[in-house]
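Survey of secondary and tertiary structure
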Amino acid sequence: MKDFMMIFIGGSSSIHFTPEQMQANMQQWFNWMNELKAKGIYVYGEPLTPNGKTVKGKEPVVTDGPFAESKELVGGFIIVKAADIDEAAELAKGCPDLPIGGTVEVREVMKY
Amino acid sequence: MQTAPAQQLVDHLFRHEAGKMIAVLTRIFGMHNLEMAEDVVQEAFLKAMQVWKFDVPANPAAWLMQTARNKAIDIVRRQQYHRQYSNEVAQQLLTETENTIGQFFSDNEINDSQLRMIFACCHPQLKLEDRIALTLKTVSGFGVPEIARALVTNDAVIQKRLYRAKQFIKEADVRFEIPAGLELMQRLDTVYTILYLLFNEGYNSLKADELIRKDLCGEAIRLAYILSQNKSGKQPATFALLALMCLQASRFDSRLDEDNSIILLQNQDRSKWNHDLVQMGYYYLNQSAQGGDMSVYHIESAIAAEHCLATSFENTNWRRMLQLYDMLLELKATPVVTLNRAVILAQSGNPQQAINSIQALDKIDTLLQSQYIYSAVLGDIYLTIQDYEQAKKYLLLSRQLTTSEAEKKLLNEKLKTITIAIT
């Protein structure tokens, strides 16, 4: 089993939901995360605050975030265990934000 | 491997907390800054959406309130210390801001703010439909699409109503307060009207889907409960209204069968009535008896209680019912009350008198041509005295007018019994 990072972009953090819809989305997240934990493949995960800074250039210029439009904003990440990238991508299909325009980027954590 | 079940939030937690947060924040920012309050609530929810996925707080409601509180302090501080004073003064002002704002977040003050918000949304100068939309949005935490679904209209119509209501609140400088004395009673009356409408919309409108209708009824009961928990709101009429809604709601699940057809009161399985709600109804009915005044809600809840007390439809105390309807008619001389009284008259063995009382209604022809319920009741009474010709005439008219599939089905069944009876 290898480690894979799922990076959550856009989705529930960018959509204008009613409170009831937000709660429904939240419940789906609870269920999904719980499912990953129940399978014993959930390793770690954290949310990221929407504001930040960007540092760029040979003579570094620091600018205030957000770095992108909210639909491109990274909301958080988790690390899960899977046999290969295909299995990890299959797992990512369960992400509750996909139906509402979210994206999951799946990357293998490189071991060397 | 045995694992714990997934985290479960309390039903409608976000909705209910939205109402609380908006009320408190509006009290802090002022009624003219209602939108600012809504923005803060939205921000708090977005933050929750991000963070809770990874770690649900032990007390989600308190977490939301705390987040709203911190944001409120931030905003007030930003405005206030725009220009810096000396460090010492700034420090003191900061502490004061925190204390001043913090005090609005106690349970008592939250309840108080919610009541103020209810009063503001039910302002008598607002159109009735605007009041309902604004109350659902601001007090109940419903979103525009949900309000539209509940009221069987579209989003644009609701947007317009909300816009109009908010404009009025800004322009008329509506105060965010609980009135006292006679004014309190008058304002409470406008609130009762809205809660009663909300409840009836949920209970009677067969056009909206069952789920959202249940939400509406639940919400009306919840708001009445909030009223009853406030020192200004806990009036006898508040308890009477609460009793009425609990008793009615106890029959919610018995009114329709699996095919979504209406089950009439006389055919309902009384063991299916929600016993807990009936008991709550009796409890509030008792509470409402304190104090001398008799409101419309007192009588209507007494009528609802009579239904619950009867072991079967046949065993209903019709004499007592008729007395109650006579009292109700004195306070509320509307065609609908007359119509309901006629049903009781017919049940107590006076069908002809019942028919006469309906036919004697002012503008009965217009009523018959515009609202299906009048012809439905008339047709029914004619059916009981076996005047099939008249019965058929009115039931057909009723079927033509109703838009509800369940009603149509019921009317068709009655028409079928006529066909069988005359052949």
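Residues numbered from 1 in each chain as written. Chains lettered and ligands numbered in written order. Predicted model: local features only at pLDDT ≥ 70, side-chain atom pairs only at ≥ 80, totals over all residues.

Residue and element names in this part refer to chain A. Strand order in the open sheet formed by four strands is S2-S5-S1-S6, and the pairing between neighbours is antiparallel. The sheet is open, and its two borders are formed by strand S2 (42-47) and strand S6 (103-108), each paired with just one other strand. Strand-to-strand twist of the sheet, defined as the mean angle between neighbouring strand axes without regard to direction, takes the value 15°. Sheet topology places strand S1 (residues 2-9) next to S6; six bridges connect them, and they run antiparallel. Across the sheet, isoleucine 9 pairs through a bridge with threonine 103, a residue of S6. (Pairing = 2+ DSSP bridges. Helix = DSSP H or I, 4+ residues; strand = E, 2+ residues; numbered from the N terminus. Axes fitted to C-alpha atoms, helices over the stretch in contact; angles between N-to-C directions.)

Let us now look at the domain arrangement of chain B. Residue and element names in this part refer to chain B. Segmentation of chain B into domains returns domain 1 (13-78 + 93-105) and domain 2 (112-229). Distance between the C-alpha centres of domain 1 and domain 2: 22 Å. With 15 residues of domain 1 in contact, the opposing surface of domain 2 contributes 15 residues. It is helix H1 (residues 13-29) that contributes the most residues to the side of domain 1 that touches domain 2, 11 residues altogether. Partitioning the side of domain 1 that touches domain 2 into residue classes produces eight nonpolar, four polar and three charged. (Domains from an automatic or database assignment. Contact = placed C-beta atoms within 7 Å. Nonpolar A, V, L, I, M, F, W, Y, C, P; charged D, E, K, R; others polar.)

Moving on to the environment of aspartate 209 of chain B. Residue and element names in this part refer to chain B. The residue aspartate 209 is located in the loop between helix H9 (181-204) and helix H10 (210-228) in this model. Judged by the 10 C-beta atoms lying within 10 Å of it, aspartate 209 falls in the exposed class. In the structure, aspartate 209 is positioned 57 residues away from valine 152 in sequence and 9.2 Å away in space, judged by C-alpha atoms. (Buried ≥ 20, exposed ≤ 12 C-beta atoms within 10 Å, placed from the backbone.)

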